[in-house]
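# Examining the three-dimensional arrangement
Here is how the chains run, residue by residue.
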Amino acid sequence: MRWFTKLPPVLTFELSRFEFNQSLGQPEKIHTRLEFPQTMYMDRYLYCSKELVQRKREEMKRLKEKMVVLQQKLERYLQYGSGPARFPLPDMLQYVLEFIATKPAAALPSAPGSPTALPRSHAEPRLLRVLSQPSGLLEGKGTETEDTAFFSANPSPQQKSSVPLQPPETSERPAPHVVSEEELRLVRTCLQRWRNEIEQDMQDLKESIARIKLSVEQMYCDPLLQQVPYRLHAVLVHEGQANAGHYWAYIYDQPRKSWLKYNDISVTESSWEELERDSFGGLKNASAYCLMYISDKVSRFLADKEEGSELGQFQKEVEALPPELRHYIQEDNWRLEQEAEEWEEEQSCKIPQMEPSPASELQDLSSESGPDQSSVREQSMRSLSSEHAMIAKEQTAKAIANTADAYEKNGVEAALCEVMLSPAMQGVILAIAKARQTFDRNGSEAGLVKAFHEEYSRLYLLAKETPTPQNDARLQHVLIYLLQNNAPQQVVERTLLEQFADKNLSYDERSISIMKVARAKLREIGPDDVDMEEYKRWHEDYSLFRKVSVYLLTGLELYQNRKYQEALTYLVYAYQSNTKLLRKGASRGVNESLIALYRRKCLLKLNEVAAALFVSCEEARVAEGIGILNELIIPCMHLMNNFEISKEDLDAIEVMRNRWCSYLGREDMDAKLQMKLGELLPRLLDCSAEVVVLKEPPKIRPNSPYDLCSRFAAVMESIHGASAVTVK
């Protein structure tokens, strides 16, 4: 026998839910009910509890043996008899009581003065003779026959003229022919006493068995064996059969003190009762196949960690320090973050820019956690705020390189004529140029203040301009997005200050001096001045807004070029991501009706294509049509079919459903095709039970603000005309 000396923090139990059916030659799922507790005590498996557990096991063995003996005794009462048919003994005694209490049938009444009636002197000796014999009833039958023969052979004169004797009537239930009151009283008393005694014996046996079962169940409830608890943390569930099915998980959330159900992209709050129904098995095709228990110490640690701030236990320890020391640590951490950010920016200038992979460029839009995933932030080469500043400054640097000759010959004003060709990135250079006199007169810090106010004023005016269908000023600059959405002033000012602090602006002595002052100002901004978590969230929203815009533009371009499958994927992701932004404010995302319109158009086009492929009756084309339905149309219909669905989307869904329902019973479609149609229709008609499985997010090439603005203008103009746009 093996014992554990040490246990891991996590215990994983794999439940064998499959077996191989030899007769069918295929695996089968086991749906047998299996219950498991929320808390499992592992003391009974530890070496330190060996002696106590062994004593418990010996006692358990003794109790189980005793219970087997008692169950056998009880079984003898319940299955009584020597023949093939056995019955409960109390029931048999009750049946005998009912038999003797049944009255015999009465003889037929004779007519008044009828000669068929026998004299009393002849009847009584016959009855006494029958009762006095051991087998009176049986032998009396033969005697009765002899008497009848005698009377028949020697009839009296009266009998010769009488009618033939009638057979006696029988009662509805079997009954004794003759029972005296004394016999009935004696038998009834004995049978009732015996029955009561037997029922009492059976009741005693049942109570003894119940007490033993309770002792067995509570055998390990000893407080000495409840020192190492493990809490159920996760349950993995499978629904279906051995060859196919669906998976989901239940995970206990410590902060909420409740169970959460993770079903593909859906995360909903659940309960232990729902977990039982889905996991124990025995009721339907769903059952748990893996259980994960975590040590109670780990569970308490997670709870304590979540009760504090996001920094967990470390933050709680910092908060317990004296105010002066705590402030020093916070400032020191802040400066370290600034230094790390500057170092990352320096390294990014040395590394050749490569097209980012989908993992780094895109966030997982199917996740419920939204764009604020910390893992994405940590893996990114630089923070989003720096990225947005770099977007502006890369264009600025490019403009400076293109206008270097003009700057050398005619000064800054001439160069600005060239820079103005880049509407998104002209601001910083223009602001520094306008602050030239202030810089020369009052120094670099005053020059920064002047340039800062000039650029802020320019962006503020752009943010207040009335948007047009061909122009979205938010794509030009992150500050326009922040201003239009009423972001906190501290967020706006820090974002703008970062643009003046980048080394790409060092094209002359004046800009270098202003850049150094701006970097010094950034270092002076501490955690008490700006809520950095809020700051990051605003920049994450802007990053998602730009990605939604690229999704939308790419989908529209592909739609114009009749690439409906690719276009639908982009438009679906654009709509889903844009919905998250619009929940925070009307100006956070793009025009929702525009995405919905072309998503709907694209879906209807694809439905026509899939239907045409399906009715072609060619196996390859039919498979292609079914693939379009399963991978694109049905998942998209599921996403559209919610409580906030528009009338236009609802009408489009009905049109698509009617198209497929019209194929039912068509004579030109063979039985095999009708069978496939029967499998598809339930999924088309009932999207509520459909599991949404979308393709991976499409890979997007990042666009600079200048390219994105011009691309936006071109696409918006083209969708109102007939010409197709070029996919970039």
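For clarity, every value in this text was computed on a predicted model and none was experimentally measured.

### Considering the overall build of the chain
- Within the chain, the regular secondary structure consists of 28 helices and nine strands.
- Considering the chain as a whole, with its 728 residues, one finds that 39% of them fall into the buried category.
- The contacts of the chain with a sequence gap of at least 6 include a subset with a gap of at least 24, amounting to 71%.
- Total accessible area on the chain stands at roughly 43100 Å², and carbon and sulfur atoms take up 53% of it.

### Here we look at helix 26 (residues 647–661)
- Between the first and last C-alpha of helix 26 there are 21 Å, a value that for 15 residues agrees with the 21 Å anticipated at 1.5 Å per step.
- On its buried face, helix 26 is in contact with helix 24 (592–615), helix 25 (619–640) and helix 27 (671–685).

### Examining the side chain of serine 287
- Tracing the backbone through its elements, the reader meets serine 287 in strand 9 (residues 286–295).
- Take serine 287: its relative accessible area is 1%, and that puts it in the buried class.
- In terms of polar contacts, serine 287 uses its side chain to reach the side chain of lysine 29, at 3.5 Å.
- If near-sequence neighbours (up to four positions away) are discounted, serine 287 is found in contact with Arg17, Lys29, Ile30, Leu236, Val237, His238, Asp278, Ser279 and Gly281.

### Describing the packing of aromatic side chains
- Enumeration according to the criterion identifies 18 aromatic pairs in this entry.
- Judged by centre distance (5.5 Å) and plane angle (80 degrees), the ring pair of tyrosine 247 and tyrosine 289 falls under edge-to-face. Here tyrosine 247 is found in strand 6 (residues 245–253), whereas its partner tyrosine 289 is found in strand 9, with 42 residues between them in sequence.
- Centroid distance tryptophan 660 to tyrosine 663: 5.9 Å. Interplanar angle 85 degrees. Geometry classified as edge-to-face.
- Judged by relative accessible area, which is 0%, tryptophan 660 ranks as buried.
- Among the aromatic residues, those joined into a cluster by ring pairs are Phe36, Tyr252, Trp259, Trp272 and Phe280.
- Above the face of the tryptophan 248 ring, lysine 261 is positioned so that its terminal group lies 5.0 Å from the ring centre.
- Across the ring face of tyrosine 575, the terminal group of arginine 599 is positioned such that the distance to the ring centre comes to 4.0 Å.

### Details of the environment of cysteine 661
- Structurally, the position occupied by cysteine 661 is in helix 26.
- On the basis of relative accessible area, cysteine 661 is assigned to the partly exposed category, the value being 26%.
- For the pair cysteine 661 and leucine 681, spaced 20 residues apart in the sequence, the C-alpha separation amounts to 7.4 Å.
- Ignoring anything within four residues of it in the chain, the contact list for cysteine 661 reads Leu681 and Leu685.

### Here we look at a negative patch on the surface
- A contiguous patch of negative charge on the surface is contributed by Glu331, Asp332, Glu339, Asp528 and Asp529.
- Mapped onto the elements, aspartate 332 comes out in helix 10 (residues 323–350).

### Examining the confidence of the model for the chain
- Here the chain shows a mean pLDDT of 75. Residues at 70 or above account for 72%.
- Confidence drops under a pLDDT of 50 for residues 350–382, and excluding neighbours within four residues, the segment shows 47 contacts in the predicted structure.
- Confidence drops under pLDDT 50 across residues 412–425; counting only partners more than four residues distant or on other chains, this segment forms 32 contacts.

### Focus: the pattern of salt bridges
- Applying the stated criterion to the full structure yields 23 salt bridges.
- Here arginine 256 and glutamate 269 are joined by a salt bridge, their closest N and O atoms 3.8 Å apart. In this pair, arginine 256 is assigned in the loop between strand 6 and strand 7 (258–263) and glutamate 269 in strand 8 (residues 266–269), connecting sequence segments 13 residues apart.
- Since its relative accessible area comes to 51%, arginine 256 is described here as exposed.
- Where salt bridges share partners, they join Asp253, Arg256 and Glu269 into one cluster.

### A closer look at the nonpolar core
- Among the nonpolar cores identified, the biggest contains 97 residues, and Phe500, Phe614, Ile633 and Trp660 are the most heavily contacted of them.
- Sorting elements by how many residues they give to this core places helix 22 (residues 532–560) first, with 14 residues.
- Not counting the four nearest positions on each side in its chain, phenylalanine 614 is found in contact with Val622, Ile626, Trp660, Met669, Leu673, Lys676, Leu677 and Leu680.

### Focus: the side chain of asparagine 578
- You can see asparagine 578 is positioned in helix 23 (residues 564–582).
- Those residues in contact with asparagine 578 that lie beyond four places of it in its chain are Val548, Gly589, Val590, Glu592 and Ile595.

### Observations regarding the state of the cysteines
- Considering all chains together, one arrives at zero disulfides under this definition.
- Sulfur of cysteine 636: no disulfide; nearest cysteine sulfur belongs to cysteine 602 and is 8.6 Å away.
- The buried category is assigned to cysteine 636, whose relative accessible area is 1%.

### Considering the pairing of strand 2 (residues 18–21)
- Looking at chain direction, strand 2 and strand 3 (residues 26–29) are connected through four bridges and run antiparallel. The residue of strand 3 that forms the bridge with asparagine 21 is glutamine 26.
- The hairpin formed by strand 2 and strand 3 contains four residues between the paired strands, and glycine 25 there has a positive phi angle of roughly 70 degrees.

### With respect to the pairing of strand 7
- Bridge count between strand 6 and strand 7: five bridges; the pairing is antiparallel. When the sheet's bridge partners are listed, isoleucine 251 is paired in strand 7 with leucine 260.
- Between strand 6 and strand 7, which pair antiparallel and follow one another directly, the connecting turn spans four residues, one of which, lysine 257, has a positive phi of 55 degrees.
- Pairing of strand 7 with strand 8 involves four bridges; the strand directions are antiparallel.

### Notes on the environment of glycine 81
- By the element assignment, glycine 81 lies in the loop between helix 1 (50–78) and helix 2 (89–101).
- Spatially, the C-alpha atoms of glycine 81 and methionine 92 are 9.7 Å apart, while their sequence positions differ by eleven residues.

### Description of the packing of helix 2 against helix 6 (residues 181–217)
- Put simply, helix 2 and helix 6 touch, their axes get as near as 9 Å, and they point 165 degrees apart. Taken together, the axes of helix 2 and helix 6 lie roughly antiparallel to each other. Remark: the crossing between helix 2 and helix 6 carries left-handed chirality. Of the residues in helix 6, those touching helix 2 at Leu89, Pro90, Leu93, Gln94, Val96, Leu97, Ile100 and Ala101 are Leu184, Val187, Arg188, Leu191, Gln192, Trp194, Arg195, Ile198, Glu199 and Met202.

### Considerations on helix 20 (residues 489–499)
- Of all the eleven residues making up helix 20, eight are buried; the element is thus mostly covered by neighbouring parts of the structure.
- All of the buried residues along helix 20 are Val491, Val492, Arg494, Thr495, Leu496, Leu497, Glu498 and Gln499.

Rules behind the numbers
- Residues numbered from 1 in each chain as written.
- Predicted model: local features only at pLDDT ≥ 70, side-chain atom pairs only at ≥ 80, totals over all residues.
- Heavy atoms only, no water.
- Helix = DSSP H or I, 4+ residues; strand = E, 2+ residues; numbered from the N terminus.
- Buried < 20%, exposed > 50% of the residue type's maximum accessible area, 1.4 Å probe, protein only.
- Contact = heavy atoms within 4.5 Å.
- Areas by Shrake-Rupley, 256 points an atom, 1.4 Å probe, with all protein chains shown as cover.
- Expected span 1.5 Å × (residues − 1).
- Polar contact = N/O pair within 3.5 Å; in protein donor to acceptor, adjacent residues only side chain to side chain.
- Phe/Tyr/Trp six-rings, centres within 6.5 Å; stacked < 30°, edge-to-face > 60°.
- Lys NZ or Arg CZ within 6 Å of the ring centre and 35° of its normal.
- Patch = residues over 30% accessible without salt bridge, like charges linked within 9 Å, V, L, I, M, F, W, Y side chains within 5 Å.
- Salt bridge = Lys/Arg side-chain N within 4 Å of Asp/Glu carboxyl O.
- Lys, Arg positive; Asp, Glu negative; His and termini not counted.
- Charge placed at Lys NZ, Arg CZ, Asp CG, Glu CD.
- pLDDT = per-residue confidence, 0-100.
- Core = buried A, V, L, I, M, F, W, Y, C linked by side-chain atoms within 4.5 Å.
- Disulfide = S-S within 2.5 Å.
- Pairing = 2+ DSSP bridges.
- Axes fitted to C-alpha atoms, helices over the stretch in contact; angles between N-to-C directions.
- Parallel < 35°, antiparallel > 145°, perpendicular 65-115°, else oblique.
- Left-handed = near helix turned anticlockwise from the far one by under 90°.

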